[in-house]
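Here are the chains, one letter per residue:
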Amino acid sequence: MNIKQWLQVEYLPIPLIALMALTRFHHFGDVLHLPDASLAVFFFAGFYRKKALFPFLLVLAGLIDYIAIANGTSSWCVSPAYIFLIPTYAVMWFAGRYCSAFKSLKPAELLMQFGVMALAASAAFAISNGSFYVLSGRYPDLSWGQYFSRVAQYYPPYVSSALLYMVLGYGIMKLVKSLPALAASHKEV
């Protein structure tokens, strides 16, 4: 297996699946566990345009959640709003597809991609948390103002962990893409 095969996406699902499996059991992370990388996984799956990977990852996320809950993880977040994880992850998928059109490492393009990532992670937060507030039945007497003040504490870690995974993944991807050119220039010396 060479770098060209990795870049042609033949093996991309393996690290994405592994990252989701390793981080999804503890959605918010703690001292011993990394935060959930699902948003970044869907972003990169969209980036590489593997259409069959989207439904597979949706099923995998549900299966991981089922196993985690069956083994003692709280089922607090599982409600009628759970179905809204589909559009939540679709936002990330389409953001990845959009960012795949950028081909260079120019600062303007990198800044644009970071902006798209931040906007997509914010939209994913709004969809998943807004649907939970409206459909979970857990907050029948909570006003929208109270909701926004409570949910504000969850927004920064949700978006920042997603962005951190995406920036790290993007950096690794760009590094891997530049390896053939570096190897060629090293042979010339």
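See above for the structure.
In this text, all values refer to a predicted model and were calculated from it rather than measured experimentally.

Enquirer: What is the right way to read the overall build of the protein chain from this model?
Expert: Helices and strands together make up the secondary structure of the protein chain, namely 8 helices and 0 strands. Counted from the first residue to the last, the protein chain has its helices and strands arranged as α-α-α-α-α-α-α-α. Within the protein chain, the fraction of its 189 residues that count as buried is 36%. For the protein chain, restricting intrachain contacts to residue pairs at least 6 apart in sequence, the fraction spanning at least 24 positions comes to 72%. Entry remark: accessible area of the protein chain is about 11200 Å², with carbon and sulfur atoms responsible for 71%.

Enquirer: How do you make sense of a nonpolar patch on the surface when you look at a structure like this?
Expert: Together, Ile83, Phe84, Ile86, Val134, Leu135, Trp144 and Phe148 line one region of the surface with nonpolar side chains, adding up to about 680 Å² of accessible area. Mapped by element, the contributors of at least two residues to the nonpolar patch are helix 6 (107-135) and helix 7 (144-151). For phenylalanine 148, the location among the structural elements is in helix 7.

Enquirer: In this structure, what is going on with the packing of helix 4 (residues 53-70) against helix 5 (residues 85-99)? I would like to understand it.
Expert: Packed helices, taken two at a time, are described by their axes: the angle between them and the distance between them. Where helix 4 contacts helix 5, the two axes come as close as 11 Å, and the packing angle between them is 140 degrees. Judged on the interaxial angle alone, helix 5 and helix 4 are oblique. Regarding helix 4 and helix 5, the two cross each other, and that crossing is right-handed. Touching Leu53, Phe54 and Leu58 of helix 4 are Ile86, Tyr89, Ala90 and Trp93, all from helix 5. By residue class, the composition of the contact of helix 4 with helix 5 is 7 nonpolar, no polar and no charged.

Enquirer: What should I look at first to understand the packing of helix 6 against helix 7 in this one?
Expert: At a closest axis distance of 12 Å, the pairing of helix 6 and helix 7 adopts a crossing angle of 130 degrees. What the angle tells us is that helix 6 and helix 7 run oblique. Pair helix 6 / helix 7 crosses with right-handed handedness. Contacts between helix 6 and helix 7 involve Phe125, Asn129, Gly130, Tyr133 and Val134 from the former and Trp144, Tyr147 and Val151 from the latter.

Enquirer: Explain the pattern of salt bridges to me, please; I cannot follow it from the model alone.
Expert: Close approach of charged atoms allows side chains of opposite charge to pair. Inspection of every chain in the model, using the stated rule, returns 2 salt bridges. In this structure, arginine 24 engages aspartate 36 in a salt bridge whose closest nitrogen and oxygen atoms are separated by 3.5 Å. Linking arginine 24 in the loop between helix 2 (13-23) and helix 3 (38-47) with aspartate 36 in the loop between helix 2 and helix 3, this pair joins segments that are 12 residues apart in sequence. By relative accessible area, which is 16% here, aspartate 36 ends up buried. Aspartate 65 serves as the salt-bridge partner of arginine 24, at 2.8 Å between the closest nitrogen and oxygen. With arginine 24 in the loop between helix 2 and helix 3 and aspartate 65 in helix 4, this residue pair connects regions lying 41 residues apart in the sequence. We note that arginine 24, like aspartate 65, is buried.

Enquirer: Could you clarify how one ought to interpret the nonpolar core in this entry?
Expert: It is characteristic of soluble globular proteins that their nonpolar side chains tend to be buried jointly. The biggest cluster of nonpolar side chains holds 44 residues, and the ones touching the most others in it are Met20, Phe43, Phe47, Leu57, Met92 and Met166. Elements supplying a minimum of two residues to this core: helix 2, helix 3, helix 4, helix 5, helix 6, helix 7 and helix 8 (155-188). Ignoring any residue separated from it by four or fewer positions in sequence, one finds phenylalanine 47 in contact with Gly96, Arg97, Cys99, Ser100, Tyr170 and Met173.

Definitions and limits used
Residues numbered from 1 in each chain as written. Predicted model: local features only at pLDDT ≥ 70, side-chain atom pairs only at ≥ 80, totals over all residues. Heavy atoms only, no water. Helix = DSSP H or I, 4+ residues; strand = E, 2+ residues; numbered from the N terminus. Buried < 20%, exposed > 50% of the residue type's maximum accessible area, 1.4 Å probe, protein only. Contact = heavy atoms within 4.5 Å. Areas by Shrake-Rupley, 256 points an atom, 1.4 Å probe, with all protein chains shown as cover. Patch = residues over 30% accessible without salt bridge, like charges linked within 9 Å, V, L, I, M, F, W, Y side chains within 5 Å. Salt bridge = Lys/Arg side-chain N within 4 Å of Asp/Glu carboxyl O. Axes fitted to C-alpha atoms, helices over the stretch in contact; angles between N-to-C directions. Parallel < 35°, antiparallel > 145°, perpendicular 65-115°, else oblique. Left-handed = near helix turned anticlockwise from the far one by under 90°. Nonpolar A, V, L, I, M, F, W, Y, C, P; charged D, E, K, R; others polar. Core = buried A, V, L, I, M, F, W, Y, C linked by side-chain atoms within 4.5 Å.

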